[in-house]
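# Overview (structure and organization)
So the chains spell out like this:
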Amino acid sequence: MFWLVFFKFSVVFVLGLIFGSFAGVLIERGEKGESLRGRSHCDHCKKKIVWYDNIPVVSFLLLRGRCRYCGQRISWWHPLTELIFGVTFVGLAWQSGFFAGWLSGDDIWRTVFCLAIGFILLTILFWDWKYMIIPDGLVVGGLVIGVLFYLRAYLLSPDTLLAVNTDLSRNLLGGLAVGGFFYLLWRFSRGKWIGGGDVKLGFLVGFLVGWKLSYFLLLLSYLLGAVPALYLLLIGKAKAGSKIPFGPFLVLATLIVLCWSDRLSHLLKYWF
Ligand SMILES: [Zn+2]
């Protein structure tokens, strides 16, 4: 049993590293408007990177963070992205029941959906963090996966993944609540408090967590966002009014709510 869990664990972690590496490529090339085809090259000496220098995290360590040819530093951003993807994939697979015993077809579907949503959300997180842009394509992709997932769960069984409500109308209401709230902020501040991309991302994450948890999702994302904002203000690096992208906190809050919603909704009964 131990070896089966260990094997599954390793597969999911490595899968996370690979998808993290892919997300890095997607973000860099998407931002520069380059094609996804063809090998990556060193930004400094333009030499193509051979496959054994392109293994997630491992190559970075073996090369001690430098290009094999010109010695230019490779950003720690890449291994960090890959590691966070790996860890999040393991967490999502765990929550979706992938490590528990033998799996039915339904269990596997659930895990696939979870990881697909995780991939979209994390790619949005890193893209917004680095370039302060939330690409529409990723938001639409997330919505398509979300609709398919809830539709399937709704049609197949009353039991739900992650204890999130399967009723699509409640998902839609959640999307309208969070997206609508951000839309008002965006409208009244004329895009100063919040970006247009956050409005669309708000609709997606509200849809994913559903109406019941959308209020808590907003609260949590503002709490998470306040921590680094206060820290930057305290060490004097940011003045009031400096821009910090909000998308990463919204994604983080969404992952937390999706993973722990069963326990959270239990707590909420007493708190609110
Ligand atoms: Zn180089």
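In this text the structure is predicted, and so the values were computed from the model without any measurement. (Residues numbered from 1 in each chain as written. Predicted model: local features only at pLDDT ≥ 70, side-chain atom pairs only at ≥ 80, totals over all residues. Heavy atoms only, no water.)

Counted by the stated rule, this structure contains 22 aromatic pairs. Where Phe85 meets Phe126, the ring centres are 6.0 Å apart and the plane angle is 20°; that geometry is what we call stacked. With Phe85 in helix H3 (residues 77–95) and Phe126 in helix H4 (residues 105–131), the pair connects residues that are 41 residues apart, well separated along the chain. Here the aromatic rings of Tyr183 and Trp186 are separated by 5.8 Å at their centres, their planes lie at 40°, and the arrangement is tilted. Of this pair, Tyr183 and Trp186 both sit in helix H6 (residues 168–188), three residues apart, which is roughly one turn of the helix. Members of the aromatic cluster, each reached through a chain of ring pairs, are Phe19, Phe22, Trp77, Phe85, Phe89, Phe119, Phe126 and Trp129. A cation over a ring is seen here: Lys8 above Phe98, with NZ or CZ 5.5 Å from the ring centre. (Phe/Tyr/Trp six-rings, centres within 6.5 Å; stacked < 30°, edge-to-face > 60°. Helix = DSSP H or I, 4+ residues; strand = E, 2+ residues; numbered from the N terminus. Lys NZ or Arg CZ within 6 Å of the ring centre and 35° of its normal.)

Looking now at the pattern of salt bridges. This model, assessed by the stated rule, comprises four salt bridges. Lys32 is the salt-bridge partner of Asp43, the closest N and O atoms lying 3.8 Å from each other. In this pair, Asp43 is assigned in the loop between helix H1 (2–32) and helix H2 (58–62) and Lys32 in helix H1, connecting sequence segments eleven residues apart. For the salt bridge of Lys200 with Asp136, the shortest nitrogen-to-oxygen distance reads 2.9 Å. Of this pair, Lys200 sits in helix H7 (residues 196–209) while Asp136 is found in helix H5 (residues 136–156), placing the two residues 64 residues apart along the sequence. (Salt bridge = Lys/Arg side-chain N within 4 Å of Asp/Glu carboxyl O.)

Moving on: the environment of Gly191. Within the secondary structure, Gly191 is located in the loop between H6 and H7. Under the relative-accessibility criterion, Gly191 is labelled partly exposed at 21%. Excluding residues that lie within four positions of it along the chain, Gly191 makes contacts with Trp186 and Lys243. (Buried < 20%, exposed > 50% of the residue type's maximum accessible area, 1.4 Å probe, protein only. Contact = heavy atoms within 4.5 Å.)

Our focus in this paragraph is the confidence of the model for the chain. Looking at the chain as a whole, its pLDDT mean stands at 86, while 89% of the residues score no less than 70. Every residue in residues 161–165 scores below 50 in pLDDT, and together they form 19 contacts with partners more than four places removed in sequence or on other chains. (pLDDT = per-residue confidence, 0-100.)

Another aspect to go through is the coordination of the zinc ion. Here the zinc ion is held by Cys42 (SG), Cys45 (SG), Cys67 (SG) and Cys70 (SG), and the distances to it run 2.3 to 2.4 Å. Around the zinc ion, the four donor atoms sit at angles spanning 106 to 116°, and that spread fits a shape best called tetrahedral. Taken in chain order, the donor set of the zinc ion reads C-x2-C-x21-C-x2-C. One end of the pair, Cys45, is in the loop between H1 and H2; the other, Cys67, is in the loop between H2 and H3, with 22 residues separating them in the sequence. (Donors = N, O, S within 2.8 Å, 3.2 Å for Na, K, Ca; no water. Tetrahedral: all angles 85-135°; square planar, octahedral: opposite > 155°, others 65-115°.)

As a further point, take the packing of H7 against helix H8 (residues 211–234). At a minimum axis separation of 7 Å, H7 and H8 run at an interaxial angle of 130°. Our classification of the angle between H7 and H8 gives oblique. Where H7 crosses over H8, the two elements pack in a sense that is right-handed. Contacts from Val205, Gly206 and Val209 of H7 reach H8 at Trp211, Leu213, Ser214 and Leu217. Among the residues forming the contact of H7 with H8, the class breakdown is five nonpolar, two polar and no charged. (Axes fitted to C-alpha atoms, helices over the stretch in contact; angles between N-to-C directions. Parallel < 35°, antiparallel > 145°, perpendicular 65-115°, else oblique. Left-handed = near helix turned anticlockwise from the far one by under 90°. Nonpolar A, V, L, I, M, F, W, Y, C, P; charged D, E, K, R; others polar.)

With 24 residues, H8 should reach 34 Å at 1.5 Å per residue; the first-to-last C-alpha distance of 35 Å fits that figure. Those residues of H8 that fall on the buried side of the exposure criterion are Leu213, Ser214, Phe216, Leu217, Leu218, Leu220, Ser221 and Gly225. Looking one or two residues past H8, Gly236 carries a phi angle of roughly 80°, positive in sign. (Expected span 1.5 Å × (residues − 1).)

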